[in-house]
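# Structure at a glance
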Amino acid sequence: MAKHSAIFLDRDGTIIEDNGYISNTSDVIFYPHIFKALELLQKHFLLFIITNQSGISKGLISESDVQGVNTFITETLKAKGIAIFDTFYCPHKNEDNCNCKKPKPYFIKKAAQLYNVDLTSSFIIGDHPSDVECGINAGVTPIYLLSGHGKKHQDELCFNSTVCKDLSYASKFIMSTL
Ligand SMILES: [Mg+2]
Ligand SMILES: [Zn+2]
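Here's what I pulled together on the structure shown here. Not measured: the values here are computed from a predicted model.

Basis of the calculations
Residues numbered from 1 in each chain as written. Chains lettered and ligands numbered in written order. Predicted model: local features only at pLDDT ≥ 70, side-chain atom pairs only at ≥ 80, totals over all residues. Heavy atoms only, no water. Pairing = 2+ DSSP bridges. Helix = DSSP H or I, 4+ residues; strand = E, 2+ residues; numbered from the N terminus. Axes fitted to C-alpha atoms, helices over the stretch in contact; angles between N-to-C directions. Contact = heavy atoms within 4.5 Å. Donors = N, O, S within 2.8 Å, 3.2 Å for Na, K, Ca; no water. Tetrahedral: all angles 85-135°; square planar, octahedral: opposite > 155°, others 65-115°. Buried < 20%, exposed > 50% of the residue type's maximum accessible area, 1.4 Å probe, protein only. Expected span 1.5 Å × (residues − 1). Polar contact = N/O pair within 3.5 Å; in protein donor to acceptor, adjacent residues only side chain to side chain.

## Thoughts on the sheet that holds strand β4 (residues 123-126)
Pairing is parallel in the open sheet, where six strands are placed in the order β3-β2-β1-β4-β5-β6. In this open sheet, the two edge strands, each paired with only one partner strand, are β3 (84-90) and β6 (162-164). For this sheet, the mean angle separating the axes of adjacent strands, direction not counted, is 20 degrees. Packed on one face of the sheet, helix α3 (residues 106-115) meets β1 (6-9), β2 (46-52), β3 and β4 and runs near 150 degrees to β3.

Structure representation (structure tokens):
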């Protein structure tokens, strides 16, 4: 069976505004440009969301809060014709030394197994240096965004990465590479 290419999307600062630990769906604010961008990308790629949600381990939000917000996001996208194939979240904080927190490639590798994804033709897009590092660790091409916290952390980037203003620019860049 032919393998699929995938886009691994960060959530906060990439698809929605990063407003800290979100527990309520009413606090979800989509960037308006993401709908067209994801519509374009899903023509060639399976879309996944991978998000670090350390607020769970810190006791600031509950696991069901995060699941509720994630479901709200995927259902909103679905209503606009955009399919997110799976959403993965790490509930841990750094001190937990877990297997799954980005920059660890755990969820990318899991998705690759579950959905028959070819990593070499896949991308990760996010607004934190750990997203870029996660991509390097997994063997997918990273794209660093200046939306969300991207501008603030740009000088902490330790790996070469394409840098784009936001998901809209990233989608056009990716399509130009095909
Ligand atoms: Mg982010
Ligand atoms: Zn974890």
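## Observations concerning the coordination of the zinc ion (ligand 2)
Those protein atoms acting as donors to the zinc ion (ligand 2) are C90 (SG), H92 (ND1), C98 (SG) and C100 (SG), and they sit at 2.1 to 2.3 Å. One can describe the site at the zinc ion (ligand 2) as tetrahedral: its four donor atoms subtend angles covering 96 to 119 degrees at the metal. The exposure class assigned to C98 is buried, which follows from its relative accessible area of 11%.

## Considering helix α2 (residues 63-79)
Along its 17 residues, α2 runs 24 Å from first to last C-alpha, staying within 8% of the 24 Å computed at 1.5 Å per residue. Among the structural elements, α1 (34-41), β2 and β3 are those in contact with the buried residues of α2. Positive phi appears at G81, one or two residues downstream of α2, with a value of about 85 degrees.

## Regarding the coordination of the magnesium ion (ligand 1)
With distances of 2.1 Å, the protein atoms coordinating the magnesium ion (ligand 1) are D10 (OD), D12 (O) and D127 (OD). Counting gaps between the donor residues of the magnesium ion (ligand 1) yields the pattern D-x1-D-x114-D. Here D10, found in the loop between β1 and α1, pairs with D127, found in the loop between β4 and α4 (129-138); they are 117 residues apart in sequence, far enough to count as distant.

## Concerning the side chain of D12
Structurally, D12 can be placed in the loop between β1 and α1. Engagement of the side chain of D12 in a polar contact is seen with the side chain of Q53, the distance being 3.3 Å. Each residue touching D12, except ones within four places of it in the same chain, is listed here: D18, G20, Q53 and D127.

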